Each structure stands twice: as structure tokens, then as C-alpha cells.
Amino acid sequence: MIKEELFTCERNGLTIRGKQFYPAAFAAGGKYPIVVASHGFTGNYTDMEGYCQAFARIGYMAFCFSFCGGGRDGEPAASKSDGKSTDMTVLSEVEDLLTVIGYAQGLACTDAGQLVLLGYSQGGFVSGLAAARCGGQVARLVMVSPALCIPDHARRGCLGGASYDPQNVPEVIDCGCTLLGRAFHEEVVGMEPFLELSAYRGKVLIIHGTEDTVVHFSYAVRAQACYQEGQCQLQLMRDQGHGYDAKQSASVFDSIRQFLADREEILSIQVLITRCEERGAGENWKNDVYFTGYCDTKYFRGTIMSEGCDAQTYSAETGVRMRAEYTLKGLDACGESCEVHIVNRQVGAEWKPVVQTNSKALAWLNQADLTAVLEGGSGGPKVRIFAERRTENR
């Protein structure tokens, strides 16, 4: 059972409102790692509750909050923090986030040295800037669809979906669902976001959709390049736009969980469904989903031989069971021809693939503890297979 409760803290006389979530196995006297989740433009703390609940289930004290002056016109006051939208800026949001971090680290039940920042869209940009300021205080940084386009949008006169002359900025910028002040524009118009972000030296995960029409994924690609080599992991989600539904958010969190456990993506298989055979109905049915596909990673590049098969069965007694089996043929990192045979089963809430390969370079996969994350997309899912990061690969 996850306990949750509202909290408040103050910045310069403004009340910041949010919600904190206690770990499912919370015990008085314990010290728990922290995650602080930041919402996007015109959002509020309720947008990040799902992520916080997921973090609480795996042992984190999780905090989400509303930025001062954030939110949409006409939304309930209970979900908003103090302040006017015309006074809100990217750097005022950084100050809000730093205030919430201080509040979270000051609780007796939190471990101040284990702090994760998670941000979505504008909240992702803000989280990256805050991490750069905090330095070693932040253990890990996760940015989901980060709005690193904001300075460019100011330079083009289209902040928040508005349209104005960047050479003659109005005192109030009408974005339709909210109003921004000229200070927002003036603060970011000369900003070089990638230079700002690069001051952070901890581990970074960026997740971005290739079909994002609000923030083009090229900003995420450039952001990865601004960090030191090997510091930032970029995960591009095929067919994904700027927003995420419940199923997509669950897949995102599964990838975040692998990142926090310092597990590395070894194989990434793009599945392409070719046909489906259905038998039975009602309380007992079986579907055989056939597919081809390919893998393209630094460890292995190859294609699925013939057709793989995902055998899906359902009965009232056992529920849904799935077992995917397929073989890829290609080249390992040493350029040697090899085969990789994969059987992927769902074990509890996780996908646990078993790999057998004749590659000498990948022989360690034959005994490895592997976890798969399934990422939806048109034509078939992407299967990302993670393993514990090996010392020689650091």
C-alpha cells in the first residue's frame, strides 16, 4: 500500500503545492532514495502522479509539485502553486525545483545523497538546468521529451504556441491557455541550452519520440552530444509523439528503471509483424503472431531468420500467457558471423528473455540475467533487452 500526502514549501513568499509518495514497504527510521518529478508547460503536479506512484512501488520517496505561476487558465486552485503566469520563467521554475529538492532532502526519511530528477517537456529542460546547478547532489537525471527548443522558439517569436515579433516583444504573450510575461522571452532568447546542460557530470537518460511535433527529436540528439562520451543514454521511441498515454508511460518507466539499476541496453530488436493465426474464442483462445525484424546495436547487427512466433494463450484459469521465440543471424561487435536465439517470456510483471548464441564475443549473454522492455509502435513493437553493465564496457 502506497501512502501519499500533500505537502507545501515556500520560495520567496510563494507557496509551492505538491504531493509526496511513500515507498510501499516504508518503515519508520528508514532512509529512502528521492525522486523529484517536474511537469511540463501548462501542467501541474497531477500530471506526474503516475510516475511517482511507480517510483514509490520500487522503494523511492517520490515528489511531484506545481510550478509557481504554472498551469492553465481556469484550472482548480487546489492543483496550483502561488504566483502569476506572467511572472513565471524557466529560471523561476529552476528555483521552484531547487526549493522542492531542499524540502525533500530535509525530511528524516530521505537519503539526500540518492537524488533523481525526472522532468517532462519544459520540466525536463528545467530539471536539466537544475542538475547542472546542483552538480554532485543529483545522482541521476531523466529527461522525457525535454523542451530544449524553448530558446529557439523565443528567437522565432513562437513561445508556448504564441505568435509575436521577437524584435518587438509584447509585455504579455498570449499563448491561448495561459499568459506569459516578456521576462520569460528575455530570459531564454540568448540562452544556449546545450552549453548550460553540459555542466552536469552525472548519468543522464533522455527519452524522446521520433514523431514529436512540439519538440523535434533532433534537440535530444544534440543534447546527448553535449554531454561527455558515455555519459548520456538516448532512447528514441519510434512513432511516439510529445504526449504519452498510460501504456506508453509504463514502457517509459520500465526503461527508466533499467537506467537507474545501471543496466545497459544490449540488443534492440525492431519487430515487424507479418501475420496472425487465431484459434478459439471466449474463455480459451490461442493466437500465434508471426514476425520478422532486425537488430542494430554496437554489440550485434542482424535480421530475424525466417519468421519468429509469439505464442499467446488465454484461459480463465491461467490468464494470458505469451512466449516469443526467434533467431537472428548477423555480425557481432568483432565482425564475426553468428546467430542469436531468443526466447522471451513474461515472468510476473517483467519480460525475462533467455539468449543462446554461438558468438564468442557475446558468449556471456548465455548466462546473463536479462530483462526486456517492450515499446509499442506501428507494424510491431521494439524489444529492448538490458543486462547488467559490464566493467569492461564502462
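Heads up: the structure comes first, above all this text.
Model, not experiment: these values are computed from the prediction.

Participant: Help me understand the overall build of the protein chain, please; the structure alone is not making it clear to me.
Facilitator: Secondary structure assignment for the protein chain yields eight helices and 19 strands. Relative to the 2.2 N^0.38 estimate, which gives 21 Å for 394 residues, the radius of gyration of the protein chain is 23 Å and therefore close to what a compact globule would have. Considering only C-alpha atoms, the protein chain reaches an extent of 65 × 50 × 50 Å along its principal axes. The buried share of the protein chain, reckoned over its 394 residues, is 52%. Excluding contacts between residues fewer than 6 apart, the proportion of contacts in the protein chain whose partners are at least 24 apart in sequence is 63%. Seen as two clouds, the 37 positive and the 47 negative side-chain charges of the protein chain have centres 5 Å apart.

Participant: I tried to follow the packing of aromatic side chains on my own but got confused; where do I start?
Facilitator: Two aromatic rings are characterised by how far apart their centres lie and by the angle between their planes. Enumeration according to the criterion identifies 11 aromatic pairs in this entry. With a centroid separation of 6.2 Å and 90° between ring planes, the pair formed by Phe63 and Tyr103 is classed as edge-to-face. Residue Phe63 is found in strand E4 (residues 61-65), and its partner Tyr103 is found in helix H2 (residues 90-105); the two are separated by 40 residues along the sequence. On the basis of relative accessible area, Phe63 is assigned to the buried category, the value being 0%.

Participant: Help me out: how do you make sense of the side chain of Thr89 in this one?
Facilitator: Structurally, the position occupied by Thr89 is in the loop between E4 and H2. Those residues within four positions of Thr89 in sequence are excluded, and the remaining contacts are Ala183, Phe184 and Glu187.

Participant: I'm lost on helix H1 (residues 49-57) in this one. Help?
Facilitator: Because the α-helix completes a turn every 3.6 residues, residues three or four places apart line up on one side. For H1, every residue scored as buried is listed here: Glu49, Tyr51, Cys52, Ala54, Phe55 and Ala56. Looking at the buried residues of H1, the elements they touch are strand E2 (14-21), strand E3 (32-38), E4, strand E5 (110-120) and helix H8 (246-260). Gly59, located one to two residues past H1, shows a positive phi value of around 105°.

Participant: What's the story with the environment of Met237 in this structure? I'm lost.
Facilitator: Along the chain, the position of Met237 falls in strand E10 (residues 232-237). For Met237, a relative accessible area of 4% corresponds to the buried category. Measuring from C-alpha to C-alpha, the distance between Met237 and His208 comes to 6.0 Å, with 29 residues separating the pair along the chain. Filtering out sequence-adjacent residues up to four positions away, Met237 remains in contact with Ile207, His208, Gly209, Thr210, Tyr244, Val252 and Glu375.

Participant: Would you mind going over the pattern of salt bridges with me for this structure?
Facilitator: A pair can form between side chains of opposite charge whenever their charged atoms are brought close. Summed over all chains, the structure comprises 23 salt bridges. For Glu264, the salt bridge is made with Lys298, and the minimal N-O distance between the two is 3.4 Å. Here Glu264, found in strand E11 (residues 263-281), pairs with Lys298, found in the loop between strand E12 (284-296) and strand E13 (300-304); they are 34 residues apart in sequence, far enough to count as distant. Accessibility expressed as a relative area gives 6% for Glu264, which makes it buried. Between Glu277 and Arg275 there is a salt bridge, and its shortest N-O distance comes to 2.8 Å. With relative accessibility at 32%, the residue Glu277 sits in the partly exposed group. Classification of Arg275 by relative accessible area gives partly exposed; the value is 37%. When salt bridges that share partners are traced, they join Arg275, Glu277, Arg279, Asp288 and Glu307 into one network.

Participant: Looking at this model, I keep getting lost on the sheet that holds E10. Mind explaining?
Facilitator: Working definition: the strands of a sheet are paired by backbone hydrogen bonds and lie parallel or antiparallel to each other. The mixed open sheet is built from eight strands, whose spatial order is E1-E2-E4-E3-E5-E6-E9-E10. At either margin of the open sheet sits one strand with a lone partner, and together these are strand E1 (4-11) and E10. Neighbouring strand axes in the sheet, compared pairwise and without regard to direction, differ in orientation by 20° on average. One ladder, built from five bridges, connects strand E6 (residues 140-144) with strand E9 (residues 203-209); its direction is parallel. By the bridge assignment, Leu141 is partnered in E9 with Val204. Across the face of the sheet, H2 comes into contact with E1, E2, E3, E4 and E5 while running at roughly 125° to E1.

Participant: Hey, could you run me through the pairing of E6 in this one?
Facilitator: Moving residue by residue along a regular strand, the side chains alternate between the two faces of the sheet. Of all five residues in E6, five are buried; the element is thus mostly enclosed. Residues Arg140, Val142 and Val144 of E6 are buried on one face, and the alternating residues Leu141 and Met143, pointing to the opposite face, are buried as well. One ladder, built from five bridges, connects E5 with E6; its direction is parallel. By the bridge assignment for E6, Tyr120 is matched with Val144.

Participant: Is there a simple way to think about the nonpolar core in this case?
Facilitator: Burial of nonpolar side chains together is a common tendency in soluble globular proteins. Formed by 58 residues in total, the largest nonpolar core has its most connected members in Val36 and Leu117. Setting aside anything within four residues of it in sequence, one finds Val36 in contact with Phe63, Phe65, Leu97, Val100, Ile101, Leu115, Val116, Leu117 and Leu118. Listed in part, the 27 residues of the second largest apolar core include Ile2, Ala62, Leu118 and Leu205.

Rules and cut-offs
Residues numbered from 1 in each chain as written. Predicted model: local features only at pLDDT ≥ 70, side-chain atom pairs only at ≥ 80, totals over all residues. Heavy atoms only, no water. Helix = DSSP H or I, 4+ residues; strand = E, 2+ residues; numbered from the N terminus. Rg over C-alpha atoms; globule rule 2.2 N^0.38 Å. Buried < 20%, exposed > 50% of the residue type's maximum accessible area, 1.4 Å probe, protein only. Contact = heavy atoms within 4.5 Å. Lys, Arg positive; Asp, Glu negative; His and termini not counted. Charge placed at Lys NZ, Arg CZ, Asp CG, Glu CD. Phe/Tyr/Trp six-rings, centres within 6.5 Å; stacked < 30°, edge-to-face > 60°. Salt bridge = Lys/Arg side-chain N within 4 Å of Asp/Glu carboxyl O. Pairing = 2+ DSSP bridges. Axes fitted to C-alpha atoms, helices over the stretch in contact; angles between N-to-C directions. Core = buried A, V, L, I, M, F, W, Y, C linked by side-chain atoms within 4.5 Å.

Scope: geometric values only; no functional claims are made or implied.
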